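Chain and residue survey
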Amino acid sequence: MKSEEPASYEEAAELLRGAAADGRPVRFRGGGTKLGWGRPIPEPDLELCTGALDRVLEHNAGDFTAVLQAGVPLAVAQAAFASAGQMLALDPPLSPWGGAGDDTALDAADAGATIGGIVATADSGPLRHKYGGVRDLVVGVTVVLSDGTIARAGGKVIKNVAGYDLGKLFAGAFGTLGLIAEVTVRLHPRPARTATVVARSSDPAQLAAAAAALAHAPLEADSLDLWWDAFPVEDFQTETGVGLRPGPASGSGAVLARFASADPFPRAEEATALLRRIGDADMPVEIDDDDQACWDAQRTAQRSDVVVKVSALPAALPASMAAAQALGGTLVARAGLGLAWIQLPVCASTGGGGAGRADAPAQAGRTDARGEPGALDAAVVAEAVEELRRRLAPAPCVLLDAPAEVRARLDPWGGETGPVTLMRKVKERFDPAGVCAPGLFVGGI
Amino acid sequence: MRGPVPIGELVSICGPERVITEHAALRTYESDGLLQYAVVPAAAVLPDSADEVAAVVAACHRTGVPWVARGSGTGLSGGSLPVEGGVVISLSRMRRILEVDLDNQRILVEPGVTNAQISAAVGPTHFYPPDPSSQVICSIGGNVAENSGGVHCFKYGFTTNWVVGCEVVLPDGSTTVLGGAFGELDRPGYDLLGAFVGSEGTLGVATKIWLRVTPAPEATRTVVAYFNTPEEAGQVVSDIVSAGVVPGAMEIMDKLAIAATEAATHAGNPLDAGALLIVELDGSESECDARFDEVVRFCEANGATGVRIAASEDERALIWKARKAAFAAMGRISPNFYVQDGVIPRTRLPQALRRIEDLGVEYGLRVANVFHAGDGNLHPLVLFDAAVAGEAERAEELAGRIVEVCVDEGGSLTGEHGIGVDKKRYMPKMFSEADLATFQRLRCAFDPEGMANPGKVMPTPRLCGEVPGPYRQHPLEAAGLIDRL
Ligand SMILES: Cc1cc2nc3c(=O)[nH]c(=O)nc-3n(C[C@@H](O)[C@H](O)[C@H](O)COP(=O)(O)OP(=O)(O)OC[C@H]3O[C@@H](n4cnc5c(N)ncnc54)[C@H](O)[C@@H]3O)c2cc1C
Ligand SMILES: Cc1cc2nc3c(=O)[nH]c(=O)nc-3n(C[C@H](O)[C@H](O)[C@H](O)COP(=O)(O)OP(=O)(O)OC[C@H]3O[C@@H](n4cnc5c(N)ncnc54)[C@H](O)[C@@H]3O)c2cc1C
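Residues numbered from 1 in each chain as written. Chains lettered and ligands numbered in written order. Predicted model: local features only at pLDDT ≥ 70, side-chain atom pairs only at ≥ 80, totals over all residues. Heavy atoms only, no water.

Helices and strands together make up the secondary structure of chain A, namely 16 helices and 18 strands. Counting the 445 residues in chain A, one finds 60% classified as buried. Taking contacts inside chain A between residues at least 6 apart in sequence as the whole, the part at least 24 apart equals 75%. Carbon together with sulfur atoms contributes 52% to the accessible area of chain A, which is approximately 14700 Å² in total. (Helix = DSSP H or I, 4+ residues; strand = E, 2+ residues; numbered from the N terminus. Buried < 20%, exposed > 50% of the residue type's maximum accessible area, 1.4 Å probe, protein only. Contact = heavy atoms within 4.5 Å. Areas by Shrake-Rupley, 256 points an atom, 1.4 Å probe, with all protein chains shown as cover.)

Here we come to the sheet that holds strand β2 (residues 43–45) of chain B. Residue and element names in this part refer to chain B. A sheet is described by the order of its strands in space; here four strands give the open sequence β1-β2-β4-β3, paired in mixed fashion. Two strands bound the open sheet, and with one partner strand each, they are β1 (19–20) and β3 (67–70). Sheet topology places β3 next to strand β4 (residues 87–90); four bridges connect them, and they run parallel. When the sheet's bridge partners are listed, V68 is paired in β4 with V88. Those strands touched by helix α3 (residues 50–63) are β2, β3 and β4, and its axis lies near 165° from that of β4. (Pairing = 2+ DSSP bridges. Axes fitted to C-alpha atoms, helices over the stretch in contact; angles between N-to-C directions.)

Residue and element names in this part refer to chain B. Domains assigned within chain B are domain 1 (7–90), domain 2 (97–215), domain 3 (219–328) and domain 4 (334–424). The centre of domain 3, based on its C-alpha atoms, is set 22 Å off from the matching centre of domain 4. Taken together, the 17 residues of domain 3 in the interface contact 19 residues of domain 4. Here domain 3 and domain 4 share an interface that buries about 1400 Å² over both sides, 68% of which is from carbon and sulfur atoms. The largest contributions to the domain 3 side of the interface with domain 4 come from I252, L256 and F327, which together make up 39% of the buried area. Across the contact surface, domain 3 and domain 4 share zero salt bridges. Seen at the junction of domain 3 and domain 4, the total is four residue pairs in polar contact (both at pLDDT 80 or more). (Domains from an automatic or database assignment. Buried area = accessible area lost by both parts, 1.4 Å probe. Salt bridge = Lys/Arg side-chain N within 4 Å of Asp/Glu carboxyl O. Polar contact = N/O pair within 3.5 Å; in protein donor to acceptor, adjacent residues only side chain to side chain.)

All names here are of chain B. Around ligand 2 sit 33 residues, and of these A69, T74, G75, S134 and S139 come closest. Interatomic distance of 2.9 Å between a backbone N/O atom of S133 and an oxygen atom of ligand 2. The element best represented in the shell around ligand 2 is helix α5 (residues 140–146), accounting for five residues. Across the shell around ligand 2, the residue classes tally to ten nonpolar, 19 polar and four charged. In terms of domain composition, the shell around ligand 2 takes at least three residues from each of domain 1 (7–90) and domain 2 (97–215). (Near = heavy atom within 4 Å. Nonpolar A, V, L, I, M, F, W, Y, C, P; charged D, E, K, R; others polar.)

Membership of the largest hydrophobic core comes to 157 residues, with the highest contact counts inside it found for L169 of chain A together with F446 of chain B. Leave out the neighbours within four places in its chain, and L169 of chain A touches L177, V426 and F430 of chain A together with Y190, D191, L192 and L442 of chain B. (Core = buried A, V, L, I, M, F, W, Y, C linked by side-chain atoms within 4.5 Å.)

Residue and element names in this part refer to chain A. The strand order across the open sheet built from five strands is β4-β5-β9-β7-β8, with neighbouring strands paired in antiparallel fashion. Taken across any chain shown, the strands that pair with only one partner, and hence form the sheet edges, are β4 (56–60) and β8 (150–154). Between one strand axis and the next, the sheet turns by 10° as a mean value, whatever way the strands run. Summarising the sheet, strand β7 (residues 138–144) and β8 pair through five bridges and their orientation is antiparallel. When the sheet's bridge partners are listed, V144 is paired in β8 with I150. Across the sheet, helix α1 (residues 9–21) touches β4, β5 (65–69), β7, β8 and β9 (179–186), and the angle it forms with β7 is around 50°.

Laid out in structure tokens, this is it:
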């Protein structure tokens with residue numbers, strides 16, 4: 001495979017046109033942190049890296065917008081915005097494979113994720129609750145198509161309805177329609193202070209009720225998440241075994257609501273009072289004003305050896321928790337939106353029962369676990385994923401992280417959900433040569 | 001390709017009383033809210049169900065007849081202007097609220113339901129935030145097609161941020177679901193729903209719409225401040241936003257707009273003010289109270305000549321009545337007016353206003369300004385007298401120059417009213433030929449024959465070629481009998 005690093009959009013266009021003319025498949029590469037996602041496809045002939053498209057072109061602090069080239073690492077952009085008291089409200093999952101509890105290593109592992117890669121995968125974290133996802137924050141894009149066209153859609157202002165919104169089309173398209181060369185994003189003020197209300201319980205119904213109450217209260221939380229772990233914390237380090245193990249009768253979990261403003265405490269206290277009315281002594285509620293660690297843990301738990309993303313309605317949360325429990329897994333959810341990420345414990349050589357929730361530097365055991373590919377029974381794991389799909393139907397369940405041998409046994413996208421015929425027509429129009437990551441996407445697009 | 005309208009078939013689908021072919025009756029559909037344009041269609045149909053819509057579209061597809069979907073006809077860019085010889089598909093009979101699911105904060109509706117009915121159906125505990133000033137009349141299908149906004153959009157987002165799924169009849173008559181099939185987010189695949197919202201009826205007809213709704217705010221605090229100039233009011237908006245305060249709404253009106261709305265509503269705003277700024281905070285009691293003093297301080301620091309705080313719900317309603325009546329109120333001070341809709345980066349407000357004022361002088365016409373200040377969405381209202389020879393043309397030209405100023409300042413041709421027919425000729429000011437050709441690719445994927453609302457959005461008519469398949473050698477070429485040049 002040849003790898004190129006174009007320094008301009010024109011150069012990228014030239015390379016793409018060349019590849020299309022010879023029918024050579026191309027893959028785009030940002031930080032390379034999620035290249036494994038999607039359907040397994042043969043190694044392409046050409047890899048176009050966005051490493052040299054790495055400039056923050058504009059940061060219009062007064063207008064709360066920024067124009068970024070695709071190869072800008074999110075961390076670099078965030079640092080620039082932070083100096084003006086602003087942020088891009090995207091907090092995609094953190095990699096759990098940095099050093100356990102070592103923040104700098106963790107940061108380094110994620111530092112590579114580029115804005116282009118994040119838009120192409122359209123992944124999101126806890127901030128989605130209030131600020132929306134990638135699709136809601138990208139206001140303009142410049143793309144390069146496989147016939148060498150360089151085109152722009154959207155604009156540089158937060159409100160604009162001129163022309164089709166191609167930014168949304170390219171967000172989450174996994175680079176199968178063309179290269180995202182540049183994006184314009186909407187920024188938000190960085191909150192002065194935050195406080196998080198945490199309610200813990202080992203009763204899934206109680207947690208779901210707590211989450212629902214918070215979702216319906218006019219308290220305007222920045223984030224509203226839930227986690228559930230099939231194994232009580234004590235079991236976590238001692239449990240050994242290979243492959244899947246069913247969960248015990250009951251696990252434990254928590255609901256978390258984060259409030260942000262100059263003074264978030266009055267709302268945090270209102271939320272606490274609300275939760276105390278729902279639960280009793282078996283649902284302790286507390287306010288955490290040093291809350292970064294618990295939200296980092298939520299993000300980290302979206303990645304693991306095997307992760308299935310469930311797109312359901314909020315009322316299906318108990319069903320998702322029950323499924324995680326039955327399969328001995330761990331769940332994190334955007335409780336107000338209905339999205340959940342279920343981790344299946346597959347490489348259980350040193351545990352792996354959960355995200356290592358335990359309030360602690362969460363990744364203990366993970367690095368070891370990852371080093372044991374032999375400990376995996378791919379057929380068992382693939383069957384567990386299908387079992388999840390059966391239990392949670394009709395909610396789409398997409399397999400995100402998973403070892404190649406699991407990926408090879410099933411369709412990570414869960415089949416042809418949605419208007420695949422129309423999607424194929426869109427693909428044919430934007431990439432008529434069919435060279436942009438063919439086969440990776442839904443329906444083998 | 002284009003054939004005669006298959007009236008008989010339309011009648012067999014919808015029944016004779018719901019197929020209109022008589023010229024006088026068809027004139028109901030000749031324009032939308034932009035009355036400069038009028039075209040009488042060959043027929044209008046009023047389907048009662050998604051199945052009927054699909055059958056009508058399929059009949060048009062088979063016979064090569066273009067069609068235009070129509071909601072309530074309040075559009076301000078000629079989006080639902082009929083096509084000559086074509087069919088208007090009016091969705092005004094499809095007004096059922098199909099499911100209210102407050103547990104999941106979702107509602108499923110037919111496209112003809114009005115915007116205001118949606119908030120009513122989920123209230124008082126919840127509401128649907130995008131609130132165009134036309135909300136009592138305009139349809140949710142029209143809102144989806146235009147990606148409509150409103151005064152609450154700076155904080156809450158636009159239609160596109162609240163639609164989670166749509167059942168759509170595609171131009172070939174087939175039915176599909178874009179986005180969530182049961183109201184869920186993040187269905188795997190291309191975000192075709194995101195591309196459909198704001199596509200101005202050119203990609204298909206929405207026949208069922210899933211929306212998210214949100215808890216109604218616990219408290220609302222509304223204040224109006226008066227200034228000598230709109231620039232001062234604009235600076236307050238910038239100060240508020242920079243301080244991290246996110247009001248539910250921020251609206252500015254200039255002196256002329258105040259005069260017109262006072263004549264229409266007697267809201268009690270002083271006629272000598274150069275501008276007024278409405279700021280409405282909403283959210284939890286504690287948060288509103290904490291932020292309200294800050295807002296008032298920003299107003300005073302920027303030279304407010306007066307500050308009026310709404311003491312009651314009635315007073316708040318009066319403040320909004322003046323603002324929401326702004327377009328219609330122009331009739332009080334001018335025989336005719338043209339509503340423009342452009343966007344600028346908020347920090348360019350002083351320059352943009354100066355340029356608009358200079359243009360008004362150049363054209364010898366008055367321009368009133370009303371704007372959604374948080375998101376830089378200007379609605380300059382160009383006043384003219386159609387009875388004066390040439391003035392209507394001058395007004396139209398001036399309005400065009402104004403959106404060019406917006407684009408020039410780094411903004412957009414339209415923030416919420418759409419391109420339609422009215423602004424398509426300005427599209428090349430904002431987009432290159434490559435950009436436009438790329439938009440066309442999307443349209444061709446949905447509607448290769450160009451039957452859905454043709455003549456809108458794109459500046460020039462475009463056809464869709466065949467999809468160029470992968471290159472294959474012709475057998476004669478392989479045999480060395482012919483060469484490809
Ligand atoms: C299905 C899926 C599930 C995911 N799940 C998780 C998760 O559970 N946890 C998590 O932490 N992250 C997840 N992510 C990844 C995500 O949000 C990353 O933060 C981001 O993708 C990393 O950026 P990168 O620069 O490393 O991208 P890369 O790993 O380099 O690329 C990711 C994908 O985007 C494409 N791409 C990259 N740049 C461009 C561009 N400029 N134009 C077009 N296409 C481009 C690539 O071809 C590839 O398909 C997921 C991503 C996907 C696709
Ligand atoms: C006084 C006044 C105030 C206004 N204020 C605002 C405002 O504050 N914010 C704002 O954004 N707009 C505003 N508008 C503009 C207008 O109300 C909106 O654009 C509205 O969304 C149009 O809805 P409608 O049902 O009237 O659609 P129509 O005018 O009938 O149609 C508009 C477009 O939508 C398409 N369409 C309609 N229904 C469907 C469907 N079911 N499927 C596919 N396409 C469809 C049509 O083909 C057309 O292209 C205002 C208009 C007026 C007259």
